[in-house]
Each structure stands twice: as C-alpha cells, then as structure tokens.
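Each chain, written out:
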Amino acid sequence: VAKLGQPMLRKPARPVPIEEIDRPEFQLFLDDLLETMSAEGGVGLAAPQVFDDRRVFLAAVGPEAEPDGNPSVVIFINPVLVETSSAKRSAWEGCLSFIELLVLVPRHRRIVVDFLDREARPCRIEAAGFAARVVQHEYDHLDGVLTIDRAASTRDIVKASEIDSVEPKRPKARDVDATPSD
Ligand code: NI
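Caption draft 1: Quick look at helix α2 (residues 129–142). For α2, which comprises 14 residues, the first-to-last C-alpha distance of 21 Å matches the rise-based estimate of 20 Å (1.5 Å per residue) to within 8%. Counted residue by residue, α2 has eleven buried out of 14 residues, so it is predominantly covered. Within α2 the residues assigned to the buried category are Ala132, Arg133, Val134, Val135, Gln136, His137, Glu138, Tyr139, Asp140, His141 and Leu142. Of the residues trailing α2, Gly144 is marked for its positive phi of about 75 degrees.

The following block contains the structure:
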C-alpha cells in the first residue's frame, strides 16, 4: 500500500475505458484490490493506494450477506457523486496510507453516487452516515485528496494512539464515532 509521501497518492486518477472492464487484466486487478483490502483489514481501498492510476475504489457499504453480518464490499468504477446533502458531520477517520494518524473530517451525511460495477453495468447507491463517509473518503483518493487536506484545523490531526486523550477535551468530538476506516 502506498504510504503518505508517495506522489501517486496526490495524482488525480484517470477514468477506466469501458471496454477495458471485462478484460482479464482488469478483472485480475479488481481481485488483487479485494485481496489487498481484506489483508489490510480496511473498509475501503482506492486504486492509487496500490500504485494504480485508474478511477476505481472498494468500499464495504453493500447489503449484509447475512443478518448482523458485515456489509458486503462494493466495487466502484468511474464513480460520480451526483448528490450530496448540505448537512455535514465530523468524525475521526483513519487511512491505510497513514495508519498512525486519525483526522477529524467533516463529510456530507448523505450522498448519491453513480458508478459502473465489474460487469460494466451502471449502478447507483444512496448512502448515509458511516457508509457515506467511507465512500467520500475513497472518492477523495481518486482526486489525490487525503483526510489531512479536509481537516478544519491542524489540531484535528492526531496520533491514533492518543485518540483517547484528545477526544474528551473536544466538545466537537461528542458527536463523533471514533471509527478508524480507510
Ligand atoms: Ni484512505
């Protein structure tokens, strides 16, 4: 996984040509991406984080495979944010590219995103809360944007190991789920 400082993390990704999607090379790339996310224990992973410049990310925001199970992983190809709520909420976010830090990031509470799935079918997902947060985090990766760029203040960037010391002192954090995520 590309770590903070790698130029790839700052480079805007390019759209995937639709005819490329059903090729074995691209399908294998998706399988590798899924495997990497699972191995790293993330809830999301974007292509630039594995040194690939295509507009693809994964996010565990799909329907649960079984009752009380984990959300299924959705593959987003060429995603477009088509709607965002004006209401925002701040919460602490981690990132697999710099797991040492947590950043308090304001995100839209609800979003609608259009994308292609791995069979190149057009899809639309409406997400709220944590799922909306994960999608916005991964979407940002495709534009070379990181959580540290979204912090309202540099004081909202902390060592993950110190989060318990920081949070009680911040009234703002009252409304926050301490949810390390990628
Ligand atoms: Ni990340």
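Caption draft 2: Representation of helix α1 (residues 24–40) within the structure. In a regular helix each residue adds 1.5 Å, so 17 residues correspond to 24 Å; α1 covers 24 Å between its end C-alpha atoms and thus fits that length. Looking at α1, one finds that the buried residues are Phe26, Gln27, Phe29, Leu30, Leu33 and Met37. The buried residues of α1 all sit within an arc of 155 degrees when viewed along its axis, so they share a single face. Counted as exposed and oriented over 90 degrees from the buried face of α1: Pro24, Leu28, Glu35, Ser38 and Ala39. Buried residues along α1 sit in contact with β1 (44–46), β2 (56–64) and β3 (71–84).

Caption draft 3: Just the nonpolar core, in detail. Formed by 17 residues in total, the largest nonpolar core has its most connected members in Phe57, Ala59, Val61, Val74, Phe76, Ile125 and Val135. Beyond its immediate sequence surroundings of up to four residues, Val61 is in contact with Pro71, Ser72, Val74, Phe76, Ala131, Val134 and Val135. Core analysis: the second largest hydrophobic core is formed by 15 residues, Ile21, Leu30, Leu33 and Val56 among them.

Caption draft 4: Representation of the environment of Gln6 within the structure. Here Gln6 lies in the segment before α1. With a relative accessible area of 34%, Gln6 lands in the partly exposed category. The spatial distance from the C-alpha of Gln6 to the C-alpha of Leu101 is 16 Å, given a sequence separation of 95 residues.

Conventions adopted
- Residues numbered from 1 in each chain as written.
- Predicted model: local features only at pLDDT ≥ 70, side-chain atom pairs only at ≥ 80, totals over all residues.
- Heavy atoms only, no water.
- Helix = DSSP H or I, 4+ residues; strand = E, 2+ residues; numbered from the N terminus.
- Expected span 1.5 Å × (residues − 1).
- Buried < 20%, exposed > 50% of the residue type's maximum accessible area, 1.4 Å probe, protein only.
- Arc of directions from axis to C-beta.
- Contact = heavy atoms within 4.5 Å.
- Core = buried A, V, L, I, M, F, W, Y, C linked by side-chain atoms within 4.5 Å.

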